[in-house]
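Given next are the chains, with one letter for each unit.
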Amino acid sequence: MAVSLLAHVVSDLCLGKPALRSLTVSATVADALAALKNSDENFISVWDCVHHSAKAGFGDDHGAGSVGDECRCVGKLCMVDVICYLCKDENLLSPSAALKAPVSSVLPKIPGLVIHVEPSLSLLEAIDLILQGAQNLVVPIQTKPSSYSRRKQLQKPSTTGPTIHNGHEFCWLTQEDVIRFLLSSIGLFSPIPALSIDSLGIITNDILAIEYHSPASSAVKAISRSLAEQTSVAVVDSDGCLIGEISPFTLACCDETVAAAIATLSCGDLMAYVDCGGPPEDLVRVVKARLKEKNLEGMLEEFTILSDSGTSLSSPFSSDEESMLSPPRSGRYGRSMSYSARMVRRAEAIVCHPKSSLVAVMIQAIAHRVNYVWVIEDDCSLVGIVTFSDMLKVFREHLDTMG
């Protein structure tokens, strides 16, 4: 059994993975925003294709071996990237101008977050890349020529679409995919999964935290960093007790008007604003009033247009019927409702105790579709955080002994 686990390659983990939707590096921030709103995924891949037309950006073929040289995925974007970008002072003054900027203005400048790999890459090598900082491994999907031709004929030119090159679509693997795969063979790692996270030494004390009454605008850098580190920002009281969190995973299910809320609300009010998929009407009024006070007419206009149209400022979770009647939102917001229980109850951080077992914490994180779990004591004092990366280090060390 151990030998068979070590024999797995990344293509084994790609079974059933959806093909990436792509955006050209020449697209605008507005294009990225539209693509994210119409996607079932929180992230969209950004590609730089030298020989592709600027309009389509994804239709021509480059051999799988030439992806790195001529056509490559240069990064990924989510709504949080756009929100943090719009929170900059100059962009709050003129959001419409900010949306016309190239998508490179928003693309994270951290090298190695996205890496192309071959389907034959071993599981061990994949884990090593993730532990070195890769968040997404881009893997070509083997497709039948007939299937590729049929999809190619149906494909319509746009700024986004399936990533198809020389008969290949692509998917990407994440930390969560690897953790899920290891969980399916958890018995091979006995007794490690039953040990407490405290005894394994995988509780990280270097956390991002902000005080409940602090301005949400002071948390922007922490939010951006938490997205890059695939963690979250803890919201604490004056005694250091965990009250809640400002999570990129939750913000990614919102829209760009959250930038207005961040610019005007406290951290505590921001948590209420993004709770359950839509803000309370009294907070909407507060945001509008404070935007006016700050002379942020451009952002006020954008915010008012969306709030008056009810695009996403009224909760998209009001009824099953509303979800069925609103296809553009049903994928994005309907999925976000189910991916975490925090989205349907008052938003609460996912927590565990230092004595919680590794396997219990793994299941918690996977069940809530997050890459981390906060660690607290019985009095709610914040101890630290456990991440998928911390867990993978433990499994990687054990896998060496299996060889």
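Just so you know, these numbers come straight off a predicted model, no measurement behind them.

Peer 1: How do you make sense of the overall build of the protein chain when you look at a structure like this?
Peer 2: Helix and strand counts for the protein chain stand at 21 helices and 14 strands. Within the protein chain, the fraction of its 403 residues that count as buried is 54%. Within the protein chain, contacts between residues at least 6 apart in sequence are counted, and of these 71% link residues at least 24 apart. Of the roughly 17,400 Å² of accessible surface on the protein chain, 54% is carried by carbon and sulfur atoms.

Peer 1: Please clarify how the side chain of S247 should be interpreted in this entry.
Peer 2: As for its placement among the helices and strands, S247 is situated in the loop between β11 (242-246) and α13 (248-251). Engagement of the side chain of S247 in a polar contact is seen with the side chain of Y372, the distance being 3.3 Å.

Peer 1: Explain the sheet that holds strand β9 (residues 208-211) here, please?
Peer 2: Strand pairing in a sheet relies on backbone hydrogen bonds. The paired strands run either parallel or antiparallel. Read from one edge to the other, the open sheet built from three strands follows the order β9-β10-β11, with strand pairing classed as mixed. Since the sheet does not close on itself, it has two edges, and those belong to β9 and β11, each with one partner. Across this sheet, the average inter-strand angle for adjacent strands is 35 degrees, counted without regard to direction. Across four bridges, the pairing between strand β10 (residues 233-236) and β11 is antiparallel. Bridging from a neighbouring strand, A234 pairs with E245 of β11. In this fold helix α12 (residues 220-229) packs onto β9, β10 and β11, with an angle of close to 155 degrees to the strand it touches most, β9.

Peer 1: So what exactly am I meant to see when it comes to the packing of aromatic side chains here?
Peer 2: Working definition: an aromatic ring pair is given by the centre-to-centre distance plus the angle between the planes. In total, this model carries four aromatic pairs according to the counting rule given. Centre to centre, the rings of W47 and F170 are 5.3 Å apart; their planes meet at 55 degrees, and the pair counts as tilted. Taken as a pair, W47 in strand β2 (residues 43-49) and F170 in strand β8 (residues 168-173) lie far apart in primary sequence, 123 residues in all. As far as the burial class goes, W47 and F170 line up, both buried. Joined through ring pairs, the aromatic side chains of F249, Y372 and W374 make up one cluster.

Peer 1: Would you mind going over the state of the cysteines with me for this structure?
Peer 2: Covalent bonding between the sulfur atoms of two cysteines defines a disulfide. Throughout the structure, instances matching the rule amount to one disulfide. In this model C14 remains outside any disulfide bridge; the closest cysteine sulfur is found in C171, 3.4 Å from its own. Here C87 stays free of any disulfide, with the sulfur of C84 as its closest cysteine sulfur at 6.0 Å.

Peer 1: Where do I start with the sheet that holds strand β13 (residues 372-376) in this structure?
Peer 2: Read across the sheet, three strands follow the order β12-β13-β14 without closing on themselves; strand pairing throughout is mixed. Each of the sheet's edge strands pairs with one partner strand only, and the pair in question is β12 (351-352) and β14 (382-387). Bridging between β12 and β13 involves two bridges; their strand directions are parallel. Bridging across to β13, C352 finds its partner in V375. Most of the contacts of helix α20 (residues 358-367) go to β13, to which it runs at about 125 degrees, and overall it touches β12, β13 and β14.

Peer 1: Sorry, what's going on with the pairing of β9 here?
Peer 2: Where a strand is regular, its side chains alternate between the two sheet faces. Burial along β9 is one-sided: L208 and I210 are buried, and none of A209 and E211, which face the opposite way, are. In the sheet, β9 pairs with β10 via four bridges, with the strands oriented parallel. Residue pairing across strands places I210 opposite V235, the latter belonging to β10. Taken together, β9, α12 and β10 constitute a β-α-β crossover, and its handedness is right-handed.

Peer 1: Hey, could you run me through the packing of helix α3 (residues 29-37) against helix α5 (residues 79-86) in this one?
Peer 2: Two measures define how a pair of helices packs: the angle their axes make with one another and the distance between the axes. Two numbers describe how α3 lies on α5: the axes approach to 10 Å, and their chain directions differ by 140 degrees. Regarding the angle of α3 to α5, the classification is oblique. Both α3 and α5 take part in a crossing whose hand is left-handed. Here V29, L33, L36 and K37 of α3 lie close against α5, whose contacting residues are M79, V82 and Y85.

Peer 1: Explain α12 to me, please; I cannot follow it from the model alone.
Peer 2: Quick reminder: α-helices carry 3.6 residues per turn. Residues three or four places apart thus point the same way. Restricting attention to buried positions, one finds in α12 the residues V220, A222, I223, S226 and L227. For α12, the angular spread of the buried residues around the axis is 160 degrees, confining them to a single face. One or two steps after α12, the chain reaches Q230, where phi turns positive at roughly 55 degrees.

Peer 1: Could you clarify how one ought to interpret the confidence of the model for the protein chain in this entry?
Peer 2: Where the model shows low pLDDT, its predicted coordinates should not be examined in detail. Averaged over every residue, the pLDDT of the protein chain is 81; residues scoring 70 or more account for 77%. Long-range and interchain partners of residues 311-346, a stretch whose pLDDT sits below 50, account for 86 contacts in this model, where long-range means more than four residues apart.

Peer 1: Even after reading the chapter, I still don't get the pattern of salt bridges, so can you show me in this structure?
Peer 2: Working definition: two side chains of opposite charge can pair if their charged atoms are close together. Under the definition given, this model contains nine salt bridges. Between D128 and R396 there is a salt bridge whose closest N-O contact spans 2.7 Å. Of this pair, D128 sits in helix α8 (residues 123-131) while R396 sits in helix α21 (residues 388-402); the two residues are 268 residues apart in sequence, bridging distant segments of the chain. The buried category is assigned to R396, whose relative accessible area is 14%.

Peer 1: Honestly, the pairing of β10 in this entry has me stumped. Any pointers?
Peer 2: Side chains V233 and V235 project from β10 onto one buried face, and the interleaved A234 and V236 project onto a second face that is buried too. Between β10 and β11, which follow one another and run antiparallel, lie five residues, and G240 among them has a positive phi close to 85 degrees.

Peer 1: Can you help me understand the nonpolar core in this one?
Peer 2: Nonpolar side chains tend to gather and get buried jointly when the protein is soluble and globular. Membership of the largest hydrophobic core comes to 60 residues, with the highest contact counts inside it found for L77, I223, I246, V258, I262, L270 and Y273. Among all residues touching I223, those that are not within four sequence positions of it are V80, C84, V233, I246, P248, L251 and I262. Counting 55 residues, the second largest nonpolar core, distinct from the first, contains F181, I186, V370 and M391.

About the criteria used
Residues numbered from 1 in each chain as written. Predicted model: local features only at pLDDT ≥ 70, side-chain atom pairs only at ≥ 80, totals over all residues. Heavy atoms only, no water. Helix = DSSP H or I, 4+ residues; strand = E, 2+ residues; numbered from the N terminus. Buried < 20%, exposed > 50% of the residue type's maximum accessible area, 1.4 Å probe, protein only. Contact = heavy atoms within 4.5 Å. Areas by Shrake-Rupley, 256 points an atom, 1.4 Å probe, with all protein chains shown as cover. Polar contact = N/O pair within 3.5 Å; in protein donor to acceptor, adjacent residues only side chain to side chain. Pairing = 2+ DSSP bridges. Axes fitted to C-alpha atoms, helices over the stretch in contact; angles between N-to-C directions. Phe/Tyr/Trp six-rings, centres within 6.5 Å; stacked < 30°, edge-to-face > 60°. Disulfide = S-S within 2.5 Å. Right-handed = clockwise from strand over helix to strand, strands pointing away. Parallel < 35°, antiparallel > 145°, perpendicular 65-115°, else oblique. Left-handed = near helix turned anticlockwise from the far one by under 90°. Arc of directions from axis to C-beta. pLDDT = per-residue confidence, 0-100. Salt bridge = Lys/Arg side-chain N within 4 Å of Asp/Glu carboxyl O. Core = buried A, V, L, I, M, F, W, Y, C linked by side-chain atoms within 4.5 Å.

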